[in-house]
Amino acid sequence: MELADSMYSYRYEFPAAKVIDRCKNCGNDIYEHQKYWDVFGTIICEECIDDFSVED
Ligand SMILES: [Zn+2]
């Protein structure tokens, strides 16, 4: 099982990804591969969109 170590050392990020905008709610950078919302010019990231939606 020696291969397992190298698998877990892989970092979940995209070094070449471009920052295309910034979430107006949490301030996190939004990369071009990420899903985000543009609500009348207000940029909201995927993690924050739940705060802006109403569910019963
Ligand atoms: Zn956010």
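- Per an unreviewed UniProt entry, the recorded name for the chain is Inhibitor of sigma-G Gin, and the organism is Clostridium thermobutyricum.

### A few points about the coordination of the zinc ion
Right, so step 1: Those donors, C23 (SG), C26 (SG), C45 (SG) and C48 (SG), are the protein atoms that reach the zinc ion, and they lie 2.2 to 2.3 Å from it.
Right, so step 2: Here the zinc ion is ringed by 4 donor atoms whose angles at the metal span 105 to 114 degrees, and the overall shape comes out tetrahedral.
Right, so step 3: For the zinc ion, the single-chain donor residues occur in sequence as C-x2-C-x18-C-x2-C. Here C26 is found in the loop between β1 (19-22) and β2 (29-31), whereas its partner C48 is found in the loop between β4 (42-45) and α2 (49-52), with 22 residues between them in sequence.
Right, so step 4: Residue classification places C48 among the buried positions, given a relative accessible area of 5%.

### Some points on the pairing of β1
Right, so step 1: Here β1 runs beside β2; their pairing, made up of 3 bridges, is antiparallel. When the bridges of β2 are listed, V19 appears paired with Y31.
Right, so step 2: Linking β1 back to β2 in an antiparallel pair, the connection comprises 6 residues, with G27 at a positive phi of about 85 degrees.

### Observations regarding unusual backbone geometry
Right, so step 1: Even without a glycine there, the phi angle at F40 is positive, about 50 degrees.
Right, so step 2: When you line up the elements, F40 lands in the loop between β3 (36-39) and β4.
Right, so step 3: By relative accessible area, which is 86% here, F40 ends up exposed.

### Observations regarding the pairing of β3
Right, so step 1: Across 4 bridges, β3 lies against β4 in antiparallel orientation. Across the sheet, the residue bridging to D38 is I43, located in β4.

### Overview of the pattern of salt bridges
Right, so step 1: Under the criterion given, the structure shown has 1 salt bridge.
Right, so step 2: Among the salt bridges present, the one from D29 reaches R22, with a minimum N-O distance of 2.8 Å.
Right, so step 3: A relative accessible area of 29% means that D29 is categorised as partly exposed.

Calculation notes
Residues numbered from 1 in each chain as written. Predicted model: local features only at pLDDT ≥ 70, side-chain atom pairs only at ≥ 80, totals over all residues. Heavy atoms only, no water. Donors = N, O, S within 2.8 Å, 3.2 Å for Na, K, Ca; no water. Tetrahedral: all angles 85-135°; square planar, octahedral: opposite > 155°, others 65-115°. Helix = DSSP H or I, 4+ residues; strand = E, 2+ residues; numbered from the N terminus. Buried < 20%, exposed > 50% of the residue type's maximum accessible area, 1.4 Å probe, protein only. Pairing = 2+ DSSP bridges. Salt bridge = Lys/Arg side-chain N within 4 Å of Asp/Glu carboxyl O.

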